[in-house]
Amino acid sequence: GEKRRFTITGSGAFSLIIKNESGYYYNFNTNKFQVANTRLANEALKNTYSGNISFPVAPTTTDTVDGAITSGTSVTMDTAVSSTMEVGDRVTGNAALNATSVTVASIDSTNVFSLSEAIAISDGATLSFTGSDQYDILLFAESGTKHADYNEVRFADGSIDINSSTGSDSLLLK
């Protein structure tokens, strides 16, 4: 995990919600994710507001390969795969896996899953499965809040550079 600093610039009031892929909400008092809906609510904003968010370490599990894989993407494990991994988890455990970003492409049966690409894996190898945490960050401008004029910055390919764009013309930034 890691701690990330954030700064909100403007005048008025704002609310901030952070929700992870499991539907848990960030509690800005305890600095942990929890089931109950919580937010940083109606915070006064006079020029800038700064804070920190502590993101937890992505969950990692391990399991043992049951039979060598010399070609293909199908892998049989010693235990039920649904209890140790999810589609999208990063798979590590040998030099070839560790050198690339191979993920769980599908869970095929009780003890079998498919890799996103073919990698040779020896029988008895211990594989690690690391989840990919995703977060929704919702920043609400409360009534009476003045926005900076929206200044959109685009990359050469025409896509929006959200890190360089400033201002807003909306009450919600997601």
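Residues numbered from 1 in each chain as written. Predicted model: local features only at pLDDT ≥ 70, side-chain atom pairs only at ≥ 80, totals over all residues. Heavy atoms only, no water.

As a further point, take the overall build of the protein. A tally of regular secondary structure across the protein gives one helix and twelve strands. Seen in sequence order, the protein has helices and strands lined up from the N terminus as β-β-β-β-β-β-β-α-β-β-β-β-β. On C-alpha atoms alone, the protein measures out to a radius of gyration of 22 Å, which is more than a quarter above the 16 Å that the 2.2 N^0.38 rule sets for 174 residues. Counting every position in the protein, which comprises 174 residues, the buried fraction comes to 28%. (Helix = DSSP H or I, 4+ residues; strand = E, 2+ residues; numbered from the N terminus. Rg over C-alpha atoms; globule rule 2.2 N^0.38 Å. Buried < 20%, exposed > 50% of the residue type's maximum accessible area, 1.4 Å probe, protein only.)

This next bit is on the sheet that holds strand E9 (residues 112-115). Taken together, three strands build an open sheet; the order of strands is E6-E9-E8 and the sheet is antiparallel. The sheet is open, and its two edges are formed by strand E6 (74-76) and strand E8 (104-109), each paired on a single side. If you compare each strand with its neighbour and ignore which way they point, the axes differ by 30 degrees on average. With three bridges connecting them, E6 and E9 associate as antiparallel partners. By the bridge assignment, Ser74 is partnered in E9 with Ser114. (Pairing = 2+ DSSP bridges. Axes fitted to C-alpha atoms, helices over the stretch in contact; angles between N-to-C directions.)

Quick look at the environment of Pro59 now. Structurally, the position occupied by Pro59 is in the loop between strand E4 (40-55) and strand E5 (60-64). When the C-alpha atoms of Pro59 and Asp78 are compared, they prove to be 20 Å apart, with 19 residues separating the residues in sequence.

Strand order in this open sheet of three strands is E5-E10-E7, and the pairing throughout is antiparallel. Two strands lie at the open edges of the sheet, namely E5 and strand E7 (90-92), each paired on one side alone. Put simply, the sheet's adjacent strands are angled 25 degrees from each other on average, direction ignored. Of the pairings in the sheet, the one linking E5 to strand E10 (residues 126-130) comprises five bridges and is antiparallel in character.

Note that Asn27 resides in strand E2 (residues 25-27). A distance of 2.9 Å separates the side chain of Asn27 from the side chain of Gln34, its partner in a polar contact. Excluding anything up to four places from it in sequence, Asn27 contacts Lys32, Gln34 and Thr38. (Polar contact = N/O pair within 3.5 Å; in protein donor to acceptor, adjacent residues only side chain to side chain. Contact = heavy atoms within 4.5 Å.)

All right, on to the packing of aromatic side chains then. Counted according to the given criterion, the structure contains seven aromatic pairs. When the ring of Phe33 is compared with that of Tyr135, the centres are 5.4 Å apart and the planes differ by 35 degrees; the resulting orientation is tilted. Here Tyr135 lies in strand E11 (residues 135-141) and Phe33 lies in strand E3 (residues 32-34), a separation of 102 residues in the sequence. Its relative accessible area of 16% is what places Phe33 among the buried residues. For Tyr135, a relative accessible area of 25% translates into the label partly exposed. Among the aromatic residues, those joined into a cluster by ring pairs are Tyr26, Phe28, Phe33, Phe55 and Tyr135. (Phe/Tyr/Trp six-rings, centres within 6.5 Å; stacked < 30°, edge-to-face > 60°.)

The next point concerns the nonpolar core. Nonpolar side chains in soluble globular proteins tend to end up buried together. Ranked by internal contacts, the top residues of the largest apolar core, which has 17 residues, are Val75, Met77, Phe113, Ile121 and Leu127. Membership of the second largest hydrophobic core comes to twelve residues, among which are Leu16, Phe28, Phe33 and Leu40. (Core = buried A, V, L, I, M, F, W, Y, C linked by side-chain atoms within 4.5 Å.)

Next up on the list: the pattern of salt bridges. As enumerated under the stated definition, the model contains two salt bridges in all. For Glu2, the salt bridge identified is with Arg4, shortest N-O distance 2.5 Å. The exposure class of Arg4 is partly exposed, given its relative accessible area of 48%. Of the charged contacts in the structure, one is a salt bridge between Arg154 and Glu152, with a shortest N-O distance of 2.8 Å. In this structure Glu152 comes out as partly exposed when scored by relative accessible area, which is 32%. (Salt bridge = Lys/Arg side-chain N within 4 Å of Asp/Glu carboxyl O.)

With that out of the way, let us pick up a nonpolar patch on the surface. A cluster of nonpolar side chains, contributed by Tyr150, Ile160 and Ile162, occupies part of the molecular surface with about 310 Å² of accessible area. Mapped onto the fold, Ile160 is located in the loop between E11 and strand E12 (172-173). Overall, the relative accessible area of 37% leaves Ile160 in the partly exposed class. (Patch = residues over 30% accessible without salt bridge, like charges linked within 9 Å, V, L, I, M, F, W, Y side chains within 5 Å. Areas by Shrake-Rupley, 256 points an atom, 1.4 Å probe, with all protein chains shown as cover.)

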